[in-house]
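If you want the building blocks of each chain, they are given just below.
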Amino acid sequence: AGNKIRNESFDAVVRDWLPKGYDLRANPINSLAEAAAITGKSEQDFRDIALLYNAASGRSNVKWLQGNLGRVLNIAFWAPGWVTSIPEVAVRTVGSAGARKEGARILAGYFGFVAGVETLGDMTGIWDAELDPRSSNFGKIRWKGTQTYSDPTLGMGIIFRTVAQMVPTPGEKGWHSY
């Protein structure tokens, strides 16, 4: 299922890059060089998008995780590939011109979905959501009647919290960040 999602997502981006009216069935693209010539993008742009979708689907491209160290990390962490893949999406989004727009869309969708679910659960009374960016539990939910916090961002709450702290907010002495 993961490969199918990655392939379809990559195809959708490539189709967006194609000139209007281009018929892929009549003129299939057989190489990266041919795709770059048709779309006006570089071959590196295509590689960047492929690596971005690889990371966004939980398959980290960090090479040292694929060796013995990855096996050791599997003992301590639930899924080291997944844990490193979301920060990798952020790094690829910032560091790659070819993947910048698509990476920003993926990250905004991911964190927007999490924030929406947290808010909806808080409003319906299923849990309490910690919405103060100064709190170490920001972005986490606390189930009603317990002191147990859960992190629906799957460990990526620190990125969520950092972004929330950077957003300027009005105060008594003007605008400031936390």
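Conventions used here
- Residues numbered from 1 in each chain as written.
- Predicted model: local features only at pLDDT ≥ 70, side-chain atom pairs only at ≥ 80, totals over all residues.
- Heavy atoms only, no water.
- Helix = DSSP H or I, 4+ residues; strand = E, 2+ residues; numbered from the N terminus.
- Rg over C-alpha atoms; globule rule 2.2 N^0.38 Å.
- Buried < 20%, exposed > 50% of the residue type's maximum accessible area, 1.4 Å probe, protein only.
- Axes fitted to C-alpha atoms, helices over the stretch in contact; angles between N-to-C directions.
- Parallel < 35°, antiparallel > 145°, perpendicular 65-115°, else oblique.
- Left-handed = near helix turned anticlockwise from the far one by under 90°.
- Contact = heavy atoms within 4.5 Å.
- Pairing = 2+ DSSP bridges.
- Core = buried A, V, L, I, M, F, W, Y, C linked by side-chain atoms within 4.5 Å.
- Expected span 1.5 Å × (residues − 1).
- Salt bridge = Lys/Arg side-chain N within 4 Å of Asp/Glu carboxyl O.
- Nonpolar A, V, L, I, M, F, W, Y, C, P; charged D, E, K, R; others polar.
- Polar contact = N/O pair within 3.5 Å; in protein donor to acceptor, adjacent residues only side chain to side chain.

S.K.: How would you summarise the overall build of the protein if you had to cite specific residues and measurements?
M.R.: A tally of helices and strands in the protein yields seven helices and five strands. The helix and strand sequence of the protein, counted from the amino end, reads α-α-α-α-α-α-β-β-β-α-β-β. For 178 residues, the compact-globule formula gives about 16 Å, and the C-alpha radius of gyration of the protein, at 20 Å, lies well above that figure. With respect to the principal axes defined by its C-alpha atoms, the protein has extents near 60 × 45 × 30 Å. Taking all 178 residues of the protein together, the buried fraction comes to 31%.

S.K.: Help me get a handle on the packing of helix α3 (residues 43–56) against helix α6 (residues 100–124), residues and values and all.
M.R.: Contact geometry of α3 with α6 gives a least axis separation of 10 Å together with a crossing angle of 15°. Between α3 and α6, the interaxial angle falls into the category roughly parallel. You can see that α3 and α6 cross each other, and the crossing is right-handed. For the pair α3 and α6, contact is made by Ile49, Leu52, Tyr53 and Ala56 and by Glu102, Gly103, Arg105 and Ile106, respectively.

S.K.: Outline the sheet that holds strand β2 (residues 141–143), listing residues and values.
M.R.: Overall, antiparallel pairing links the three strands, which are arranged β1-β2-β3 in an open sheet. Across the chains shown, the open sheet's two edge strands, defined by having one partner strand only, are β1 (127–129) and β3 (149–150).

S.K.: Give a description of the nonpolar core that names residues and reports values.
M.R.: With 21 residues, the main nonpolar core has Phe46, Ile49, Leu52, Val89, Tyr110 and Phe111 as its most contacted residues. Those elements giving two or more residues to this core turn out to be α1 (2–17), α2 (32–39), α3, α5 (80–95) and α6. Top contributing element to this core by residue count: α3, with five residues. Leave out the neighbours within four places in its chain, and Val89 touches Leu52, Ala55, Ala56, Ile106 and Leu107.

S.K.: A description of α3 should follow, citing residues and the corresponding values.
M.R.: For α3, spanning 14 residues, the distance from its first C-alpha to its last is 20 Å, which sits close to the expected 20 Å at 1.5 Å a residue. Of the residues trailing α3, Gly58 is marked for its positive phi of about 95°.

S.K.: With reference to specific residues and values, describe the pattern of salt bridges.
M.R.: Tallied over the full model, the rule gives seven salt bridges. Between Asp128 and Lys144 there is a salt bridge whose closest N-O contact spans 3.0 Å. Taken together, the residues Asp128 in strand β1 and Lys144 in the loop between β2 and β3 connect sequence positions 16 residues apart. Owing to a relative accessible area of 22%, Asp128 belongs among the partly exposed residues under this scheme. Of the charged contacts, one joins Arg134 and Asp132 as a salt bridge, the two residues approaching to 3.0 Å between their closest N and O atoms. Residue class for Arg134 comes out exposed when judged on its relative accessible area of 54%. Residue classification places Asp132 among the partly exposed positions, given a relative accessible area of 24%. In the salt-bridge network here, residues are joined through shared partners; they are Asp128, Arg142 and Lys144.

S.K.: Can you break down the packing of α2 against α3 residue by residue, with the values?
M.R.: Between α2 and α3, the least distance of the axes is 8 Å, while the angle of their chain directions is 110°. Viewed along their axes, α2 and α3 adopt a mutual orientation that is roughly perpendicular. Along its contact with α2, which presents Leu32, Ala33, Ala35, Ala36 and Thr39, the element α3 presents Glu43, Phe46 and Arg47. Partitioned by chemical class, the residues of the contact of α2 with α3 number five nonpolar, one polar and two charged.

S.K.: Lay out the side chain of Ser96 in plain terms, naming residues and giving numbers.
M.R.: Examined against the element boundaries, Ser96 turns out to sit in the loop between α5 and α6. We classify Ser96 as buried; its relative accessible area is 8%. At 2.6 Å, the side chain of Ser96 forms a polar contact with the side chain of Asp48.

By themselves, these figures tell us nothing about what the structure is for.
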